[in-house]
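Listed below are the residues making up each chain.
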Amino acid sequence: MSAINLTIDGREIEVAPGTTILQAARQLGIDIPTFCYDPELAPNGACRICVVEVEKARALVASCVAPVGPGMVVHTESDRVVSARKSVLSLLLANHPLDCITCEKTGECKLQDYCYRYDVASSEYVGAIKDLSYDDTNAFFVRDMNKCILCGICVGKCQDVVGAGAIDFVKRGFVTNVGPGFEDPIEDSSCVFCGMCIDNCPVGALIPKYVTGKGRPWQTESVPAVCPYCSLGCNINLHIKDNEVIGVSPVEESPVNRGHLCVQGKFGWDFVHSGDRITAPLVKSDGVFVEVSWEEALDYIVDSIKDVQSRFGPDALMGLGSPKASNEDNYLFQKLIRSLGTNNVDSYTCHCHASSVDGMVEAFGNAAATNSIAEVAETGAVLVIGANPEESHPILDYRVREAAQKGAELVVAVPDMVKLVDVSDHYLPLKQGTELALVNGLANVIIAEDLLDKAFVEKRTEGFDQFKKTVDKYTPEHVAEITGLTAEEIRAAARAYASAEKAAIVSDAAVNKQTGGADFVKALANLALLTGNVGRESTGVYLPYGENNLQGSADMGVHPNNVTCYQHLKDEKVREKFSRAWGVRISENYGLSAAEAFEAGKNSGIKAMYIMGENPVACGGDKAQIADYMKNLDFLVVQDIFMTETASLADVVLPAAAFAEKLGTYTNSERRVQLNQPALEPPGEVFPDWAVLVELAEWFGFEWDFAGPEEVFAELASLTPDYAGISYQRLSEGGLQWPCPADDHPGTKFLYQDSFSRGLGLFSAVEYDPEAEAESDGHSAACCTSGGHSCRCLSETITRRSVISAFKNSCCV
Amino acid sequence: MSSEAEVADINQDIDLSQVDSIVEPYLGKKEMLIPVMQKVQEHFGYLPRPAMEHVARRMRIPLSRLYGVTTFYAQFKMKPRGRYIIRVCKGTACHISGSPKIAERIEEILGIPGGETTDDLKFTLEEVACIGACALAPVIMINDNPHGRLTPDKMKEILDSYE
Ligand code: SF4
Ligand code: SF4
Ligand code: SF4
Ligand code: FES
Ligand code: FES
């Protein structure tokens, strides 16, 4: 197909066939007004504000739907066009409440802007002002249908992008509006409060409550940040006025979220301004906390830790870093603990993540995500199993939907009817806890029907024979009995996954024991290896984490056995490199893991603990036991933004800055390192974690010389080959996915193109264990699907102080 | 008893197994939504909310979409019809002698547009073509009773006479 040449407003342009006039004009930087057009929705051509004049055509055409033609001559602002647009505006104004003075949308309202642009001050038609519903029943936003211009964008976002299906056009004629079925309040509908209707409404019909009366758009500053909740790391802009966040909008150009958000990103930031924030260092005396100066607090910490270490040795100290703190904070944290002579440094967040890490490392040699989030949308088949991304990682859910819309075969194997089932081709409502059996069954069919990628298995993998012997037992009939599905359903699902040119598996890092833990993850890896669906674009295994910087904190060496990016401490060269760079001797002793330290009935030998942004007492398995453990320590210091269950047991509590108050980087679940700019001054006596750690190091007598996070990052990048090519300067242009070994390296979109981290991919012979299924702990496959669980526990500490705790339909908030 | 409560009571008696047998042949065929809803309406005489919710669930269609579609087409009734069906004749003779004014007055008294049912489920207002009583134009029928030679100011009394 050859390109098409046309002329728009006297300028020539060449575009691909099928391009609309609107798109062509935008390429030329010509601004044609639009109301109902949205690049990711099917055009509906409803509003007619985008009309243009095409020479030789009788009528004006809607440029958002009209394709370009060869030799076309287009005028976008001719007299005819302008007069048509004025009529459109005039008709809209005829029954629009002209509330501009108080309307929150003033300054960002397309109707207002276009009326200004075409000088339409009032309507030439006389129309009744509508008297439709004004719904403010929920905690998040107001829906004023009298201002709605029926562009349909909110409907498209809600039905097609989000899949919540909460709103649609209802009724006909003058009373047409958009709303939930039976015109119920939005709160009683299937709305998930993602806010995407709000973000895209061209007028003031949908207004978030938080912004009311707080400031005009031109009075606010927009600061780029990374969502502090889940590990997808959506890019947001914080709207700041007078050192207060008054709103959030998604970053349109973000490769991660492409203008999309979920309830947490859109509404969950208000904890930053919670009255519960700790604003000064606290020291416990006679059982009550009293505010002290920083000097006093630091003195006390240094003396106490030195005292414990002199009496019980360096390994009597343990540090817990935080999957919510930045990379710089975590890097300095493990550096400080290791500089104090021990490798007892770990993160406590969710044991369920540990099994998924183990499974991935065994199969591929590395736990990091194989592929990028955006790639899911372009794949040919998706298997969703052991996960409910709709609640745990909404943006990933949106991408799965997009893939289905583009024609990918979608297999959803979950016990409960989730919304994703609506758009699936194969729904496998398997019995809870039988996921592993199903995966083995799928592998069985793929081998039996010769759907495997033989060349890939031959060249890139090992362990096939043993694996085959195991899955041979898992015939569809046998698996049908275990899972409660039919053999035919299992066969069809296997064919769907294996026959696609590219196929992806979407699960959750929070796999639990019941699903088979690490074995389940290995089974998923088997499936990818068997069909060659790893190491290529839009394939892979997705196991996103719960907390926003779990990947980063692990990358930063908050781990007893390795320093940054999995450089193992048994390697003398690694110890040597870090010892030299840090000017201290790094201990040869392996550290204790958090699980080992807290193991009931064992004496771990830990006498002092430094906990930065974690809450094991609330997030642990046996809460009472962990609380006792904390109480029995000689010394406990906790650094946090709130007085958590753990902090309340501490001897010293240091206040911490929230994400919006500090400069730093975070690494999301697709290995993308992203820069978060400070938007606010921290309250009271609060300093960012990195600054506290630098200060503390100085009090301990170490010579650290960091003027700011940028220099911290430069040091860690210089010691970490996977991060070596990343710098703040590059990050200010956008995130980079590691491995990024050099300044001119573009980052790595997907892993294992040529080889796995362990060389060959390893098949594992893993068996379904009926005991595990029976041992139901009340958590479904992804622990998130059944409510409050430790993998989201840190998020829960902050959502409790946020309006999103009002959102009753979701378990994650 | 409030009208909403009444509707709710009526709704409680909805036999969903009937809805199942209507929906069953169309599972997985979302494009067949309109015929399905027509059948549901045929069965119940209107579209009871529980039946709609059931169809939405079984056909995996958002309730909002289903409601949107059914409120778009005039043929779908969201309420059961009233105890008294008022049919205003729109035939030529009646039209000329002022039936539009009669209809307008009834709409005003009952507070509903044509085609709708009052919240207390007492009256449903409809139109008909000539009912063959042109000599009495303008004419309305209330259930089986014709009322002729009407003027707008007679309407209140006539409607009040129905308990
Ligand atoms: S907030 Fe999200 S789910 Fe709710 S109506 Fe808007 S788009 Fe739909
Ligand atoms: S509420 Fe806003 S986005 Fe939705 S149809 Fe109305 S004007 Fe468009
Ligand atoms: S999907 Fe995750 S990162 Fe994105 S807005 Fe929601 S919680 Fe934040
Ligand atoms: S933007 Fe083209 S018709 Fe609405
Ligand atoms: S026109 Fe009304 S009865 Fe004939």
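Residues numbered from 1 in each chain as written. Chains lettered and ligands numbered in written order. Predicted model: local features only at pLDDT ≥ 70, side-chain atom pairs only at ≥ 80, totals over all residues. Heavy atoms only, no water.

(A) A look at the site of ligand 3. Residue and element names in this part refer to chain A. Looking at ligand 3, the residues that line it are Cys227, Tyr229, Cys230, Gly233, Cys234, Leu261, Cys262, Gln264, Gly265, Pro394 and Ile395. Residue assignment for the shell around ligand 3 shows that the elements contributing at least two residues are α6 (263-267) and α11 (394-405). When the residues that make up the shell around ligand 3 are grouped by side-chain class, the tally is 8 nonpolar, 3 polar and no charged. (Near = heavy atom within 4 Å. Helix = DSSP H or I, 4+ residues; strand = E, 2+ residues; numbered from the N terminus. Nonpolar A, V, L, I, M, F, W, Y, C, P; charged D, E, K, R; others polar.)

(B) Broad picture of unusual backbone geometry. Residues and elements named next belong to chain A. The omega torsion across Trp738 and Pro739 is 0 degrees, close enough to zero to call that bond cis. With respect to the element layout, Pro739 can be found in the loop between β31 (736-737) and β32 (761-762). One non-glycine residue with positive phi stands out, namely Asp242, at about 50 degrees. Looking at the secondary structure, you find Asp242 in the loop between β12 (235-241) and β13 (244-250). When its relative accessible area of 67% is taken as the criterion, Asp242 is described as exposed. (Buried < 20%, exposed > 50% of the residue type's maximum accessible area, 1.4 Å probe, protein only.)

(C) Just the packing of aromatic side chains, in detail. Residue and element names in this part refer to chain A. Tallied over the full model, the rule gives 31 aromatic pairs over all chains. Judged by centre distance (4.7 Å) and plane angle (35 degrees), the rings of Phe140 and Phe193 are tilted. Taken together, the residues Phe140 in the loop between β6 (134-135) and β7 (141-144) and Phe193 in the loop between β9 (177-179) and α5 (196-200) connect sequence positions 53 residues apart. Neither residue differs from the other here; Phe140 and Phe193 are each classed as buried. Members of the aromatic cluster, connected to one another through ring pairs, are Phe140, Phe141, Phe193, Tyr210, Phe267 and Trp269. Sitting above the plane of the Phe312 ring, Lys607 keeps its charged end 5.0 Å from the centroid. (Phe/Tyr/Trp six-rings, centres within 6.5 Å; stacked < 30°, edge-to-face > 60°. Lys NZ or Arg CZ within 6 Å of the ring centre and 35° of its normal.)

(D) Layout of helix α7 (residues 294-312) of chain A. Residues and elements named next belong to chain A. Over its 19 residues, α7 runs 27 Å from end to end, which matches the ideal 27 Å to within 8%, given 1.5 Å per residue. Listed in full, the buried residues belonging to α7 are Trp294, Ala297, Leu298, Ile301, Val302, Ser304, Ile305, Val308 and Gln309. Projection of α7 onto a plane perpendicular to its axis shows the buried side chains occupying an angular sector of 170 degrees, all on one side. Those residues of α7 that are buried lie in contact with β16 (317-321), β26 (608-612), β27 (635-640), β28 (652-655) and α23 (689-700). At the exit of α7 stands Gly313, carrying a positive phi of roughly 90 degrees. (Expected span 1.5 Å × (residues − 1). Arc of directions from axis to C-beta. Contact = heavy atoms within 4.5 Å.)

(E) Representation of a negative patch on the surface. Residue and element names in this part refer to chain A. A contiguous patch of negative charge, built from Glu291, Glu295, Glu296, Asp299, Asp303, Glu685, Glu695 and Glu698, is present on the exposed surface. Elements with a contribution of two residues or more to the negative patch: α7 and α23. Ranked by residue count, the leading element in the negative patch is α7, at 4 residues. Its place among the elements puts Glu698 in helix α23. The exposure class of Glu698 is partly exposed, given its relative accessible area of 48%. (Patch = residues over 30% accessible without salt bridge, like charges linked within 9 Å, V, L, I, M, F, W, Y side chains within 5 Å. Areas by Shrake-Rupley, 256 points an atom, 1.4 Å probe, with all protein chains shown as cover. Salt bridge = Lys/Arg side-chain N within 4 Å of Asp/Glu carboxyl O. Lys, Arg positive; Asp, Glu negative; His and termini not counted. Charge placed at Lys NZ, Arg CZ, Asp CG, Glu CD.)

(F) Geometry of the confidence of the model for chain B. All names here are of chain B. Looking at chain B as a whole, its pLDDT mean stands at 87, while 93% of the residues score no less than 70. Note that residues 1-6 has pLDDT below 50 and, in this model, 6 contacts with residues that lie over four places away or in other chains. Quick note on the complex model: pTM equals 0.87, ipTM equals 0.80. (pLDDT = per-residue confidence, 0-100.)

(G) Just the nonpolar core, in detail. All names here are of chain A. Leu336, Phe364, Leu438, Leu530, Tyr610 and Tyr723 are the most contacted members of the largest nonpolar core, which totals 124 residues. Built from parts of two domains, this core gets at least three residues from each of domain 3 (282-351 + 549-667 + 672-725) and domain 4 (365-547 + 760-806). Contact partners of Phe364, with chain neighbours within four places excluded, come to Thr370, Ala525, Leu529, Val534, Val541, Tyr752, Phe756, Ser757 and Arg758. Ranked by size, the runner-up nonpolar core spans 97 residues in total, among them Ile153, Val211, Ile641 and Tyr666. (Core = buried A, V, L, I, M, F, W, Y, C linked by side-chain atoms within 4.5 Å. Domains from an automatic or database assignment.)

(H) Inspection of the side chain of Ser90 of chain A at higher detail. You can see Ser90 of chain A is positioned in helix α2 (residues 79-94). Leave out the neighbours within four places in its chain, and Ser90 of chain A touches Val120, Ser122, Ser123, Glu124 and Tyr125 of chain A.

(I) Summary view of the pairing of strand β29 (residues 664-667) of chain A. Residue and element names in this part refer to chain A. Burial along β29 is two-sided: Gly664 and Tyr666 facing one way and Thr665 and Thr667 facing the other are all buried. Here β29 runs beside strand β30 (residues 672-676); their pairing, made up of 4 bridges, is antiparallel. Among the inter-strand pairings, Thr667 is bridged to a residue of β30, identified as Val673. Remark: 4 residues form the turn of the hairpin made by β29 and β30, two consecutive strands paired antiparallel; Arg671 in that turn has positive phi of roughly 65 degrees. (Pairing = 2+ DSSP bridges.)

(J) Layout of the packing of helix α3 (residues 33-44) of chain B against helix α4 (residues 49-59) of chain B. All names here are of chain B. Across the interface, α3 lies against α4 with an axial gap of 11 Å and an inter-helix angle of 150 degrees. Judged by the angle between their axes, α3 and α4 are roughly antiparallel. Like other packed secondary-structure pairs, α3 and α4 cross with a definite hand, here right-handed. Along the contact surface, α3 presents Leu33, Val36, Met37, Val40 and Phe44, while α4 presents Ala51, Met52, Val55 and Met59. Grouping the constituent residues of the contact of α3 with α4 by class yields 9 nonpolar, no polar and no charged. (Axes fitted to C-alpha atoms, helices over the stretch in contact; angles between N-to-C directions. Parallel < 35°, antiparallel > 145°, perpendicular 65-115°, else oblique. Left-handed = near helix turned anticlockwise from the far one by under 90°.)

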